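A closer look at the structure
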Amino acid sequence: PLYCISKSSGLGITEKVIGKILSWSGLFFICIQYFLVTDLVGRFGFYKSLRIGALFSIPLAGYFPVSLITNRGASDGTLTFTTLLFVSALYGCIRSFSSVVFSVITMTSNRTVPENQRASMNGLAMLGGSFTKALGPLFGGILFSTSVNNVIPPFGSVVVYSTISLLGIGLYVQTYFLREYDGHKDALAKVRKDECTSSDGDVDEEEPPNF
């Protein structure tokens, strides 16, 4: 919204036009989000889907300033139809692939801990997520106001979205350092086997629960 409203380093459009952008991007998001998540995970697995989602979500924010070029010649406070479609599709795509990232992170996180520890793990994850969501608007507001005030218009918005895009690329790089882990099944089976052996000398052949 700051970029859309800004007249010096943004599109300078009204709240009504911003509502149209959000409506179009929401429609795009609804149409592809479910199929995108299920198809990617089914075809590529969890970790490759996470990398794909990270690559095509936040890093795409660097393309938002292109709308300053496509909107040349439009009346004050309005968007050309091309710009409306471009911004809506770009924002919808970012939201859709971000959904892939969050969904896959949730699924993979739950697979890395035993069933009796999932509640604690999800509670800590929600705590950390809520904290960073509180800092996000603060960081974004300071970044935008500082860039607009200190960079020649309209390049302030270019600095803003370039910074956000670089942070997204950093997330994408981090996904390559994640180690696929599903070893708690074997570990739990070994612990139970050792316990049964030490207690009565007999090995319990009961199959460990499937987490």
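Every chain begins its residue count from 1, and numbering advances along the sequence as written. Since the coordinates come from a predicted model, pLDDT governs what is reported: local features require at least 70, and pairs of side-chain atoms require 80 or more to be given and counted, while whole-chain, interface and lining totals use all residues. Side-chain figures throughout are based on the complete set of non-hydrogen atoms in the structure, without hydrogens or water.

As for the packing of helix H5 (residues 118-150) against helix H6 (residues 155-174)
The convention used is that axes are lines fitted to C-alpha atoms, helices contributing only their stretch in contact, and that angles between N-to-C directions extend from 0 to 180 degrees. The way it works is that DSSP assigns letters per residue, a run of H or I at least four long becomes a helix, a run of E at least two long becomes a strand, and they are numbered from the N terminus. Where H5 contacts H6, the two axes come as close as 7 Å, and the packing angle between them is 145°. Of the two possible hands of crossing, H5 and H6 adopt the one that is right-handed. Contacts from Phe 139, Leu 143, Phe 144, Ser 147 and Val 148 in H5 reach Gly 156, Val 159, Val 160, Thr 163, Ile 164 and Leu 167 in H6. In this classification, the charged set is Asp, Glu, Lys and Arg, the nonpolar set is Ala, Val, Leu, Ile, Met, Phe, Trp, Tyr, Cys and Pro, and all remaining amino acids, among them Gly, are polar. Class assignment for the residues of the contact of H5 with H6 results in eight nonpolar, three polar and no charged. Helix crossings fall into two classes, left-handed where the near helix is turned counterclockwise from the far one by less than a right angle and right-handed where it is turned clockwise. What makes two residues a contact is simply this: any of their non-hydrogen atoms within 4.5 Å.

Considerations on the nonpolar core
Nonpolar side chains in soluble globular proteins generally cluster together in the buried interior. In these notes, a set of buried Ala, Val, Leu, Ile, Met, Phe, Trp, Tyr and Cys residues joined through side-chain atoms within 4.5 Å is what counts as a nonpolar core. Exposure categories follow from relative accessible area, calculated using a 1.4 Å probe and restricted to protein chains: below 20% of the type maximum is buried, above 50% is exposed, and the middle band is partly exposed. Core analysis: the largest hydrophobic core is formed by 32 residues, its most contacted members being Ile 13, Ile 21, Phe 64 and Leu 79. If you list the elements that add at least two residues to this core, you get helix H1 (2-5), helix H2 (15-55), helix H4 (81-111), H5 and H6. When residues no more than four places from it in sequence are discounted, the contact partners of Phe 64 are Tyr 3, Val 87, Leu 90, Tyr 91, Ile 94 and Tyr 161.

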